[in-house]
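# Coordinate inspection notes
The chain contents come next:
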Amino acid sequence: MAAGVASLIKTALALHHKKIPPSLNFKEPNPRINFSDSPFYVNSSLLDWKSETVRRAGVSSFGVGGTNAHLILEESPPDESSEKSYLWQLLCLSAKTPTALATASSNLAAHLQKHPQLNLADVAFTLSVGRRKFSQRR
């Protein structure tokens, strides 16, 4: 019952690592299929996924009760790190209660101390536009 989810995870990992995993339990091709004159092949070993365009992969799942699904995954664009930021940034935090705000502040401080390589401008941007606004703010 979890074959569809397993295929989705496997495909997402293949896109992330840019590797094509081998087909399970493949020993030899069917002699009735003429692979040499076709663009198709059965992958029997881990291969680098070379591509000049965006990598895409399809996942099909066929359910027990006749429910079928097909989706197409596409690799994410490369991370673009921001340029060097100013020494000072405005870090906006908000929470529903004063206690939650204090906890969020402590967690953020601990995270920034643990990851000093983070670009502070990126952190400030995410906190400013990527979070909900609540009544308690700092």
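Residues numbered from 1 in each chain as written. Predicted model: local features only at pLDDT ≥ 70, side-chain atom pairs only at ≥ 80, totals over all residues. Heavy atoms only, no water.

This part covers a nonpolar patch on the surface. A contiguous nonpolar patch, built from Val5, Ile9 and Leu13 and spanning about 270 Å² of accessible area, is present on the exposed surface. Tracing the chain through its elements places Leu13 in helix α1 (residues 3-17). Judged by its relative accessible area of 45%, Leu13 falls in the partly exposed class. (Patch = residues over 30% accessible without salt bridge, like charges linked within 9 Å, V, L, I, M, F, W, Y side chains within 5 Å. Areas by Shrake-Rupley, 256 points an atom, 1.4 Å probe, with all protein chains shown as cover. Salt bridge = Lys/Arg side-chain N within 4 Å of Asp/Glu carboxyl O. Helix = DSSP H or I, 4+ residues; strand = E, 2+ residues; numbered from the N terminus. Buried < 20%, exposed > 50% of the residue type's maximum accessible area, 1.4 Å probe, protein only.)

Inspection of every chain in the model, using the stated rule, returns four salt bridges. Note that Glu74 is salt-bridged to Arg56, the shortest N-O span being 2.8 Å. Separated by 18 residues along the polypeptide, Glu74 in strand β4 (residues 68-74) and Arg56 in strand β3 (residues 56-62) bring together distant segments of the chain.

Next up on the list: the environment of Phe40. Within the element layout of this structure, Phe40 appears in the loop between β1 (19-20) and β2 (47-48). With relative accessibility at 59%, the residue Phe40 sits in the exposed group. Taking the C-alpha atoms as reference points, Phe40 and Ser7, 33 residues apart in sequence, are found 20 Å from one another.

Successive side chains on a regular strand alternate, one facing one side of the sheet and the next facing the other. Relative to β4, β3 runs antiparallel, the two being bridged by seven bridges. For Ser60, the partnering residue across the bridge sits in β4 and is His70. What sits between the antiparallel neighbours β3 and β4 is a turn of five residues, in which Gly66 has the positive phi angle 95°. (Pairing = 2+ DSSP bridges.)

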